[in-house]
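Each chain is listed here by its residues.
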Amino acid sequence: MPLITSPRPTLGVIDSGAPPGMALARFASPGGNDAEDRLGHGRAILATLGHYLPLSRLEIALYKLFDERLTAGAAALATAFEWQAESPPAWLLCSLGLPRADARLKAAVARLQAAGTRIVAASPRFGAPVYPAAWPGVMAVSGAAGLMPGPPLLGRDGRWYACVWAARETRMDGHAWQPWMPGPPGPEIPPALGGASFAAAHALGYWLAECVGDEPGGPGEVAAQGSTGQSG
């Protein structure tokens with residue numbers, strides 16, 4: 001796992017891992033030192049972020065929370081937030097939410113917010129509120145099936161809305177079929193992943209591209225052409 005020397009990561013991610021060989025500024029996991037994603041969710045989150053800007057432009061602090069399944073308890077999620085707060089990133093992406101508020105997690109969120117971290121958290125479009133997305137100051141994002149990749153929309157309910165579909169990793173030839181492209185996928189392409197966590201990644205990818213000066217939706221953009229918490 002290559003590490004980048006960095007006093008303050010640009011982006012904190014809490015998910016199931018990263019592609020093999022991906023350079024990380026910081027890494028931690030209760031399961032050891034293996035950052036590789038074996039569930040596919042973290043890779044899809046990073047691919048969605050990478051749809052808007054090259055990930056090489058980011059310094060990423062990854063906490064591998066999910067190892068065998070895409071669920072985690074309140075204590076585990078609070079530990080992940082506390083680890084991120086040790087070196088607060090400018091942005092933090094949380095792709096899961098707890099059905100009940102947790103005091104320890106709330107304290108970690110407050111610590112990060114006090115340090116200036118902007119927390120982007122997945123929020124299911126329907127149903128009861130989840131945490132940390134429901135807390136003040138957290139940028140809650142829900143998925144909307146009719147939205148294409150691009151700027152997220154602010155709803156009347158105070159939540160942001162973005163494309164619900166996960167981007168696919170770009171092949172060596174620089175191309176990949178995306179779920180929002182017209183026409184059916186090839187027979188060898190597996191079903192597309194979707195959910196609020198990928199909407200959060202779309203929104204954050206757009207905002208990150210603005211922050212680093214890239215044109216949002218730049219390289220590879222095809223849109224114009226065509227209490228246990230669970231990640232959604």
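Predicted model, so just to flag it, every value in this text is computed and none were measured.

Asker: Talk me through helix H1 (residues 41-50); I want residue IDs and the actual numbers.
Answerer: Among the 10 residues of H1, 8 are classified as buried, and the element is accordingly described as predominantly covered. Every buried residue of H1 is listed here: His41, Gly42, Ala44, Ile45, Leu46, Ala47, Thr48 and Leu49.

Asker: Now, about the sheet that holds strand S10 (residues 160-163): what can you tell me, with residues and values included?
Answerer: Reading across the sheet, the 8 strands line up as S2-S3-S1-S5-S7-S8-S10-S9 and stay open at both edges, with mixed pairing between neighbours. Two strands bound the open sheet, and with one partner strand each, they are strand S2 (26-28) and strand S9 (153-154). The sheet contacts of helix H2 (residues 74-86) involve strand S1 (11-15), S2, strand S3 (60-64), strand S5 (91-94) and strand S7 (118-122), and relative to S3 the element is tilted by about 155°.

Asker: Describe H2, and please don't skip the residues or the numbers.
Answerer: Since the α-helix advances by 3.6 residues per turn, residues separated by three or four positions end up pointing in the same direction. Compared with an ideal rise of 1.5 Å per residue, which puts 13 residues at 18 Å, H2 spans 19 Å between its outermost C-alpha atoms and is within 8% of the ideal. Here H2 has its buried residues at Ala74, Leu77, Ala78, Ala80, Phe81, Trp83, Gln84 and Ala85.

Asker: Now, about the nonpolar core: what can you tell me, with residues and values included?
Answerer: Core analysis: the largest hydrophobic core is formed by 34 residues, its most contacted members being Leu11, Leu49, Trp91 and Val120. Every element with two or more residues in this core is listed here: S1, H1, S3, S5, strand S8 (139-144) and helix H4 (196-212). Per-element tally for this core: the top contributor is H4, with 10 residues. Ignoring anything within four residues of it in the chain, the contact list for leucine 49 reads Leu11, Leu55, Leu93, Ala201, Leu204, Gly205 and Leu208. Within the second largest apolar cluster, 30 residues are counted, among which are Phe66, Leu92, Ala121 and Tyr131.

Asker: Got a sec to walk through the pairing of S10? Specific residues and values, please.
Answerer: Pairing between S8 and S10: 4 bridges, direction parallel. Counted as the bridge partner of glycine 143 is alanine 162 from S10. Two strands pair when backbone bridges link them, and S9 and S10 are joined in this way by 2 bridges, in the antiparallel orientation. Considered in S10, the bridge of leucine 154 is made with tryptophan 160. In this antiparallel pair of consecutive strands, S9 and S10, the connection spans 5 residues, and glycine 158 shows a positive phi of 90°.

Asker: Got a sec to walk through the packing of H2 against helix H3 (residues 103-114)? Specific residues and values, please.
Answerer: Interhelical geometry of H2 versus H3 gives an angle of 20° and a closest axis separation of 9 Å. By the criterion of interaxial angle, the relationship of H2 to H3 is roughly parallel. With respect to the hand of their crossing, H2 and H3 are arranged in left-handed fashion. Contact with H2, carried on its side by Ala75, Leu77, Ala78, Thr79, Phe81, Glu82, Gln84, Ala85 and Glu86, involves Arg104, Leu105, Ala108, Val109, Arg111 and Leu112 of H3 and no other residues of that element. The residue inventory of the contact of H2 with H3, partitioned by class, reads 9 nonpolar, 2 polar and 4 charged.

Asker: An account of the pattern of salt bridges is requested, with residue identities and associated values reported.
Answerer: In total, this model carries 6 salt bridges according to the counting rule given. In this structure, aspartate 67 and lysine 64 form a salt bridge, with 3.9 Å as the shortest nitrogen-oxygen distance. Residue classification places lysine 64 among the buried residues on the basis of a relative accessible area of 4%. Linking arginine 104 and glutamate 82 is a salt bridge whose minimum nitrogen-to-oxygen distance equals 2.8 Å.

Asker: Before we move on, could you go through the packing of aromatic side chains and cite the residues and values that matter?
Answerer: Evaluation of the coordinates by the stated rule reveals 5 aromatic pairs. Seen from their ring centres, tyrosine 52 and tyrosine 206 are 6.5 Å apart, and the 85° between their planes marks the pair as edge-to-face. Taken together, the residues tyrosine 52 in the loop between H1 and S3 and tyrosine 206 in helix H4 connect sequence positions 154 residues apart. For the residue pair tyrosine 52 and tyrosine 206, the accessibility class agrees, reading buried in each case. The interplanar angle of 80° and the centroid separation of 5.2 Å between the aromatic rings of tryptophan 160 and tryptophan 207 together place this pair among those described as edge-to-face. Placement of tryptophan 160 in strand S10 and of tryptophan 207 in helix H4 is noted, with a sequence separation of 47 residues between them. Under the relative-accessibility criterion, tryptophan 207 is labelled buried at 9%. Put simply, the rings of Trp91, Trp160 and Trp207 touch in pairs and so form one group of aromatic residues. One residue, arginine 26, lies across the ring of tryptophan 83, its end atom 3.8 Å from the ring centre.

Scoring rules and cut-offs
Residues numbered from 1 in each chain as written. Predicted model: local features only at pLDDT ≥ 70, side-chain atom pairs only at ≥ 80, totals over all residues. Heavy atoms only, no water. Buried < 20%, exposed > 50% of the residue type's maximum accessible area, 1.4 Å probe, protein only. Helix = DSSP H or I, 4+ residues; strand = E, 2+ residues; numbered from the N terminus. Pairing = 2+ DSSP bridges. Contact = heavy atoms within 4.5 Å. Axes fitted to C-alpha atoms, helices over the stretch in contact; angles between N-to-C directions. Expected span 1.5 Å × (residues − 1). Core = buried A, V, L, I, M, F, W, Y, C linked by side-chain atoms within 4.5 Å. Parallel < 35°, antiparallel > 145°, perpendicular 65-115°, else oblique. Left-handed = near helix turned anticlockwise from the far one by under 90°. Nonpolar A, V, L, I, M, F, W, Y, C, P; charged D, E, K, R; others polar. Salt bridge = Lys/Arg side-chain N within 4 Å of Asp/Glu carboxyl O. Phe/Tyr/Trp six-rings, centres within 6.5 Å; stacked < 30°, edge-to-face > 60°. Lys NZ or Arg CZ within 6 Å of the ring centre and 35° of its normal.

Limitation: the analysis is restricted to geometry and does not speak to function.
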